[in-house]
Each structure stands twice: as structure tokens, then as C-alpha cells.
Amino acid sequence: MSPLVEVNLALILFLPWFLILGALFWLFPRQPRGATRRGFDLTALLGATIAFVLSVQWAHASADPGYGRMWKQVFATSVGYGVFLAVLGLAFWLRGRWLRRRQVKSQASGSA
């Protein structure tokens with residue numbers, strides 16, 4: 001196997017699942033959908049992908065070779081998937097708080 005493919009195998013295998021998770025993150029909730037929201041979502045998705053790639057490369061280089069070559073892939077995939085979900089989960093939580101705060105402010109200014 002090519003060394004480039006070997007290091008990026010986790011990304012190649014998880015790309016369809018990441019596209020599904022990314023699409024769900026991007027599409028829901030449907031409103032409000034402004035430029036700021038799109039910028040936040042894009043930044044979150046890019047950040048999760050970059051964090052995934054960096055963590056996979058770190059884990060692949062740090063895995064104990066005494067357990068065999070397959071262990072590097074298993075360890076790197078596990079770490080990378082956890083990091084991707086953690087970053088996307090944090091972004092989901094932050095976006096929810098931000099949107100709720102915006103909604104409360106708009107309701108307060110509308111009723112005053």
C-alpha cells in the first residue's frame with residue numbers, strides 16, 4: 001500500500017459518513033440561515049476536518065508498532081473519528097446556544 005494512502009486511509013474510508021454528518025449539520029436547523037450562520041457552519045466543518053486529519057496523522061505516527069501494522073490504522077481511525085465528532089459536537093452545542101440567544105434578543109426587542 002502506498003504510504004500516502006496508508007496514512008490517509010481513515011479519511012478515505014470515513015469520507016462518505018463525514019459527508020452525511022456534515023450535510024445534517026449544515027441543513028439543520030433550517031432557520032435562521034444568514035451569512036453569519038453559513039460562515040460559522042463552514043468554519044466548524046473545516047475545523048472538524050482539519051482536526052481529524054491532524055489527529056489521524058499524529059495517532060498513526062504515535063501508535064506502538066509492536067502490535068502490528070494494522071494497529072496503526074485502528075488507533076488512527078479511532079482517535080480521528082472521536083476528534084471529528086468532538087469538534088462537530090462542540091460546534092453544534094455552541095451554535096445552539098448562539099441561535100437561542102439571538103432568538104431571545106429578537107423576541108425581547110420585538111415585544112418592547
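Residues numbered from 1 in each chain as written. Predicted model: local features only at pLDDT ≥ 70, side-chain atom pairs only at ≥ 80, totals over all residues. Heavy atoms only, no water.

Draft legend 1. A look at the overall build of the protein chain. For the protein chain, the count of helices and strands is 3 helices and 0 strands. Along the chain direction, N to C, the helices and strands of the protein chain fall in the order α-α-α. With respect to the three principal axes, the spread of C-alpha positions in the protein chain is 70 × 20 × 15 Å. For the protein chain, with 112 residues in total, the buried portion stands at 26%. The contacts in the protein chain between residues at least 6 apart in sequence include a share of 64% that link residues at least 24 apart. For the protein chain, the accessible area works out to roughly 7300 Å², and carbon and sulfur atoms hold 71% of it. (Helix = DSSP H or I, 4+ residues; strand = E, 2+ residues; numbered from the N terminus. Buried < 20%, exposed > 50% of the residue type's maximum accessible area, 1.4 Å probe, protein only. Contact = heavy atoms within 4.5 Å. Areas by Shrake-Rupley, 256 points an atom, 1.4 Å probe, with all protein chains shown as cover.)

Draft legend 2. The arrangement of helix α2 (residues 35-62) in detail. Helix length check: α2 (28 residues) gives 40 Å between terminal C-alpha atoms against 40 Å at 1.5 Å per residue, within 8%. What α2 keeps buried is the set R37, D41, A44, L45, A48, A51, F52, S55, V56, A59 and H60. (Expected span 1.5 Å × (residues − 1).)

Draft legend 3. The environment of W71, seen in detail. Note on placement: W71 falls in helix α3 (residues 69-111). The exposure class assigned to W71 is partly exposed, which follows from its relative accessible area of 34%. On a C-alpha basis, the gap between W71 and H60 in space is 8.8 Å, while along the polypeptide they are 11 residues apart.

Draft legend 4. Examining the nonpolar core more closely. In terms of nonpolar packing, the biggest core is built from 15 residues, with F18, F25, F52, V56, F84 and L88 touching the most fellow members. When contributions to this core are tallied by element, the ones reaching two or more residues are α1 (3-27), α2 and α3. Broken down by element, the residue count for this core peaks at 6 residues, all from α2. (Core = buried A, V, L, I, M, F, W, Y, C linked by side-chain atoms within 4.5 Å.)

Draft legend 5. Here's a closer look at the environment of Y67. Summarising the element assignment, Y67 is placed in the loop between α2 and α3. Overall, Y67 belongs to the exposed group, its relative accessible area being 64%. Taking the C-alpha atoms as reference, Y67 lies 25 Å from A51; in sequence the two are 16 residues apart.

Draft legend 6. Examining α1 more closely. Here α1 is 25 residues long and its end C-alpha atoms lie 36 Å apart, about the 36 Å a rise of 1.5 Å per residue gives. Approximately 55 degrees is the largest bend angle found in α1, and it occurs at L9. Within α1 the residues assigned to the buried category are E6, A10, F14, F18, L21, G22 and F25. (Bend = angle between axes of the 7 residues up to and from the residue.)

Draft legend 7. Region of the structure containing the packing of aromatic side chains. The final tally for this structure, using the stated rule, is 9 aromatic pairs. Where W58 meets F75, the ring centres are 6.2 Å apart and the plane angle is 50 degrees; that geometry is what we call tilted. Of the two residues, W58 sits in helix α2 while F75 sits in helix α3, which places them 17 residues apart along the sequence. Overall, the relative accessible area of 23% leaves F75 in the partly exposed class. Arranged with centres 5.7 Å apart and planes meeting at 25 degrees, the rings of W71 and F75 form a pair that is stacked. Taken together, the positions of W71 and F75, both in helix α3 and 4 residues apart, correspond to about one turn of that helix. Each residue in the set F14, F18, F52, Y81 and F84 is aromatic and connected to the rest through ring pairs, giving one cluster. (Phe/Tyr/Trp six-rings, centres within 6.5 Å; stacked < 30°, edge-to-face > 60°.)

Draft legend 8. Seen up close, the confidence of the model for the protein chain. When pLDDT is averaged along the protein chain, the result is 90, and 98% of the positions lie at 70 or above. Least confident of the elements in the protein chain is α1, whose mean pLDDT is 88; most confident is α2, at 95. (pLDDT = per-residue confidence, 0-100.)

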